[in-house]
Amino acid sequence: MPASTHLRVRHALHPDPDQTAALDTLWHLGHHLWTILALHARLEAIGQPQPMQRVAALAASPPPTSRAPVRLPRRSNAERRQELEALARERGWRAHLGSATLDGLVSDFGRTLKRLGPVAPPNAIPLTPPPDFALALGGLARPVGELHAEIVGVPGLVQTPLFLLPGPATAAVRMWRQTFSGHLSTLREALETRLLAGDPEADVGYLAHVARYGLIESHLGARPSDPPATPPALTLVLAEAAQLHRSDAGDYEIAWAFRVASLTPPLYQDLVALDPGVRSLWAWVSGRHNHGRSPMPVSLQRPWAPAMPGPPTGLLTPPQDLTYARLRRHQLLHRTRLRPVLEAGLARFLRFAAVAVEQTDFRGMWRRGEDYPEAADFLGTRLYEQFLFDCARLDPDHRMAVWVPPAWTSADCSVCGARGAVRYRGRTGRCQVCGLCLDRDHNGARNVYVRGAAQLVARGLPWTPVPLPIPPRRRRL
């Protein structure tokens, strides 16, 4: 996928079974339309063009196509979009798909064809979307509360942790909610006035308005939590360009899009390196501005995996929504404990012109049964790290950011560079070569700094990060 001009914040959705079924329908329909577009292009490439309605009937069992390179079709996105629109209307698919979704499918497919070049084998045109595929939702997704989002075509409101959004994104969403809530209130109050005056058309209009927006208005009007202290360096505006993502396990995520209204240049021409963790959300070092930690502020043991209450007992069994209960608990801990530490870290790191972050191997951790990926999602550190990278991507004249592979960042000595030489007892280690005693997190952050600096210089950083000072010698273990 091409680099987006938007800053995106992506987090999990927690749909109920009916909502999951609706999302599955939307997702599989998007894949089906991709297959139709690809098969349509393959047939054109071998000189057997077919109308898209006919191609749709062949999509379930695509015919074989040649492996010999040919000139690929040069049909414009507008032409594909027009044919796809006619097909979607004919098949009734427009009840599930918005214009933004169709536009996104055609644009993504067009870019895939362009990457193949003017000449390629027809069977090189992929019948399935790429791994980073996302369905464009546009304005059909709305963040109506800190715990709920509306996705048109999905019944009810979908539970989702919107409270995890970093401060600048939270401020943008809050401004959008206020504007949208005011617009709906104005429409409803006008209908109420006309209804009470005996206008029969307003009576129908009022019922239609409340049936469509009544539940949303109640959430828009809910008192939000205390606003975070947003970094003055960054101002965002919510854009109608949301995306739907789906993991290999079938879990859905939503990515909100934001337009950058203002982004102040960094204060320091310096590199800051971050080593994420659990005992400290981040251990960080910089060349000219010391080092430190963002402490873990939640005192509960493994707060991302709470013990769940047992089923209710008695003759009557009242309903329980444990997904909602967990979200409310998460919201409480995030608002009162995690958000202040995360926002202080974000404000600090945005002051630096260059950022290096250890790229934790979440997939490998999942395979090994480790729970750090779940912890990072709960704590919000991964979301904030990606936020920093998007800021760098959208301000390339002043900022750069790199991911550093995690291999050996704790085991290598960050002072003498000896591979795997640090042996730990608890959180403190000693290098078997130079004898220096090092804190585990500090040693990891220093290694991230050194490797990140090398990457940045290789990528054309216009200034050279300063070497880190050697830590003072501590008592040997």
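Engineer: Help me get a handle on the overall build of the chain, residues and values and all.
Structural biologist: A count of helical and extended segments in the chain gives eleven helices and 17 strands. Over its C-alpha atoms, taken along the principal directions, the chain stretches across nearly 80 × 70 × 50 Å. Sorting the 477 residues of the chain into buried and exposed places 48% on the buried side. In the chain, of all internal contacts separated by at least 6 residues, the share reaching a separation of at least 24 is 71%. For the chain, the accessible area works out to roughly 23500 Å², and carbon and sulfur atoms hold 54% of it. Computed over 56 positive and 41 negative side-chain charges, the separation of the two mean positions in the chain equals 10 Å.

Engineer: Residue-level account of the sheet that holds strand 16 (residues 428-431), with values.
Structural biologist: Taking strand neighbours across the sheet as the criterion, the three strands line up as 15-16-17 in an open arrangement whose pairing is antiparallel. Two strands lie at the open edges of the sheet, namely strand 15 (422-425) and strand 17 (437-439), each paired on one side alone. Sheet twist, expressed as the mean angle between neighbouring strand axes with direction ignored, is 35°. Note that strand 15 and strand 16 share four bridges and pair antiparallel. Within strand 16, the position partnered with Y424 by the bridge is G429. Lying over the sheet, helix 11 (residues 440-458) contacts strand 15 and strand 17, oriented at roughly 90° with respect to strand 17.

Engineer: Mind laying out the pattern of salt bridges, listing which residues take part and the relevant values?
Structural biologist: One pass over the full model with this rule turns up 26 salt bridges. Ionic pairing is found between R91 and E90, a salt bridge with its closest N-O pair at 3.8 Å. You can call R91 partly exposed: its relative accessible area is 37%. Of the charged contacts, one joins E370 and R368 as a salt bridge, the two residues approaching to 2.8 Å between their closest N and O atoms. Under the relative-accessibility criterion, E370 is labelled partly exposed at 32%. The exposure class assigned to R368 is exposed, which follows from its relative accessible area of 53%. Look at the salt bridges and you will find they share partners, linking R81, E85, R89, R94 and D103 into a network.

Engineer: Please give an account of the environment of T101 that cites residues and values.
Structural biologist: Following the sequence through the fold, T101 ends up in helix 4 (residues 99-116). With 36 residues separating them in the primary sequence, T101 and L137 have C-alpha atoms 5.6 Å apart. Look past the residues within four positions of T101 in its chain and what remains in contact with it is L135, A136 and L137. Side-chain polar atoms of T101 contact the backbone oxygen of A136, separated by 2.6 Å.

Engineer: How would you sum up the packing of helix 7 (residues 322-349) against helix 9 (residues 372-379)? Please name residues and give values.
Structural biologist: Relative to each other, helix 7 and helix 9 sit at 75°, their axes nearing to 9 Å. Relative to helix 9, the element helix 7 lies roughly perpendicular. Of the residues in helix 9, those touching helix 7 at R326, R329, H330, L333, L338 and L342 are E374, D377, F378 and L379. A class-by-class count of the residues in the contact of helix 7 with helix 9 yields five nonpolar, one polar and four charged.

Engineer: Outline helix 11, listing residues and values.
Structural biologist: Helix length check: helix 11, at 19 residues, gives a terminal C-alpha distance of 27 Å against a target of 27 Å (1.5 Å per residue), a fit within 8%. Backbone nitrogen of D441 and a side-chain oxygen of the N-cap are separated by 3.0 Å at the start of helix 11; the cap is D439. Phi turns positive one or two residues past the end of helix 11, at G460, with a value near 100°.

Engineer: Can you break down the packing of aromatic side chains residue by residue, with the values?
Structural biologist: How two aromatic rings sit relative to each other is set out by the distance from centre to centre and by the angle between their planes. Counted under the stated rule, the structure contains ten aromatic pairs. For the pair W27 and Y252, a centre-to-centre distance of 6.3 Å together with 75° between the ring planes defines the contact as edge-to-face. Residue W27 is located in helix 1 (residues 17-45), and its partner Y252 is located in strand 9 (residues 252-263); the two are separated by 225 residues in the primary sequence. Under the relative-accessibility criterion, Y252 is labelled buried at 2%.

Engineer: Can you break down the nonpolar core residue by residue, with the values?
Structural biologist: Within the largest apolar cluster, 101 residues are counted, with the highest numbers of intra-cluster contacts made by I36, L244, W256, F258 and L274. A per-element tally of this core places helix 1 first, with 14 residues. In terms of nonpolar packing, the next biggest core, distinct from the first, is built from 18 residues, A354, A445, V448 and L468 among them.

Engineer: How would you sum up the sheet that holds strand 7 (residues 158-159)? Please name residues and give values.
Structural biologist: Whether parallel or antiparallel, the strands of a sheet pair through hydrogen bonds between backbone atoms. Taken in spatial order, the three strands of this open sheet run 5-6-7, and their pairing is antiparallel. The two strands at the open ends of the sheet, each matched to only one other strand, are strand 5 (141-142) and strand 7. Pairing between strand 5 and strand 6 (residues 148-151): two bridges, direction antiparallel. Residue A141 lies in a different strand from strand 6, and its bridge partner there is I151.

Engineer: Could you give me a rundown of helix 7, with the residues and numbers involved?
Structural biologist: Helix geometry: helix 7 is bent most strongly at L338, by close to 55°, with proline P340 lying one to four residues after it. Where helix 7 begins, the capping side chain belongs to D321, and its oxygen is found 3.3 Å from the backbone nitrogen of T323.

Parameters at a glance
Residues numbered from 1 in each chain as written. Predicted model: local features only at pLDDT ≥ 70, side-chain atom pairs only at ≥ 80, totals over all residues. Heavy atoms only, no water. Helix = DSSP H or I, 4+ residues; strand = E, 2+ residues; numbered from the N terminus. Buried < 20%, exposed > 50% of the residue type's maximum accessible area, 1.4 Å probe, protein only. Contact = heavy atoms within 4.5 Å. Areas by Shrake-Rupley, 256 points an atom, 1.4 Å probe, with all protein chains shown as cover. Lys, Arg positive; Asp, Glu negative; His and termini not counted. Charge placed at Lys NZ, Arg CZ, Asp CG, Glu CD. Pairing = 2+ DSSP bridges. Axes fitted to C-alpha atoms, helices over the stretch in contact; angles between N-to-C directions. Salt bridge = Lys/Arg side-chain N within 4 Å of Asp/Glu carboxyl O. Polar contact = N/O pair within 3.5 Å; in protein donor to acceptor, adjacent residues only side chain to side chain. Parallel < 35°, antiparallel > 145°, perpendicular 65-115°, else oblique. Nonpolar A, V, L, I, M, F, W, Y, C, P; charged D, E, K, R; others polar. Expected span 1.5 Å × (residues − 1). Phe/Tyr/Trp six-rings, centres within 6.5 Å; stacked < 30°, edge-to-face > 60°. Core = buried A, V, L, I, M, F, W, Y, C linked by side-chain atoms within 4.5 Å. Bend = angle between axes of the 7 residues up to and from the residue.

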